[in-house]
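Architecture at a glance
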Amino acid sequence: MKDILDIREIEKIESLENEYDLEKASLFERQLRLMIDENPDLIPLRKKLRDLIKGYEDREWSDFEKITDSQVAESDQAENTVNMEQKFIQKRKEAIRKKLKAYELTQQDLGSILDHPKSYMSELINGVSQFTLKDLVIIHQVLGIKLSVLIPTFLQPETKIKVSESIRKLNKPKLKLKSTEMV
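Residues numbered from 1 in each chain as written. Predicted model: local features only at pLDDT ≥ 70, side-chain atom pairs only at ≥ 80, totals over all residues. Heavy atoms only, no water.

So, the overall build of the protein chain
- Helices and strands together make up the secondary structure of the protein chain, namely eight helices and zero strands.
- Moving toward the C terminus, one meets the helices and strands of the protein chain in the order α-α-α-α-α-α-α-α.
- For the protein chain, the residues scored as buried account for 39% of the 183 residues in total.
- For the protein chain, the share of sequence-separated contacts (at least 6 apart) that also reach a separation of at least 24 residues comes to 66%.
- Counting only carbon and sulfur atoms, one obtains 52% of the accessible surface of the protein chain, whose full area is about 11900 Å².
- Counting 32 positive and 33 negative side-chain charges, the protein chain places the centres of these two groups 7 Å from one another. (Helix = DSSP H or I, 4+ residues; strand = E, 2+ residues; numbered from the N terminus. Buried < 20%, exposed > 50% of the residue type's maximum accessible area, 1.4 Å probe, protein only. Contact = heavy atoms within 4.5 Å. Areas by Shrake-Rupley, 256 points an atom, 1.4 Å probe, with all protein chains shown as cover. Lys, Arg positive; Asp, Glu negative; His and termini not counted. Charge placed at Lys NZ, Arg CZ, Asp CG, Glu CD.)

Here it is, written out as structure tokens:
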């Protein structure tokens, strides 16, 4: 699932393409379940995610005899990656909430500063939609949170593969993709 900047982009997705997409869709579906009480407009997106998940699982996992070791390994790697991304988002969320509390601000107050509605702020804080770089710089400057806590420096597996392949094609032995800890 390519970078989803706004959860509403899910409406445009026709199918999940790989295990990472499946893991991200499953995570978003669980998060939306918790957010629907606050924002019922998210109900159709949750249904769309469930349909995407079912379609992928029916296509890739329904025939037990056709499941390969590499498919299981890809699934495990995708689950690991999504879990590490979630740890980063949780750490960022905790840092933002701590600073909001220190300044006696609410999430809604931060939304006013960033010019975002309350419901969208919940999506941003919970990692369902992505902060813009401008949002993160404002949070850094207003709340004094280190950029390294706010801005992820890790790449999705699909991007890592593409970058590594491009570097390999350049045939520059000194050039390599650095391994970055996610949390």
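Overview of helix 3 (residues 69–102)
- In this model, helix 3 (34 residues) spans 50 Å end to end at C-alpha, consistent with the 50 Å of a helix rising 1.5 Å per residue.
- Just downstream of helix 3, E104 is the residue with a positive phi angle, here 55°. (Expected span 1.5 Å × (residues − 1).)

Interpretation note: all reported values are geometric properties and have no functional meaning in isolation.
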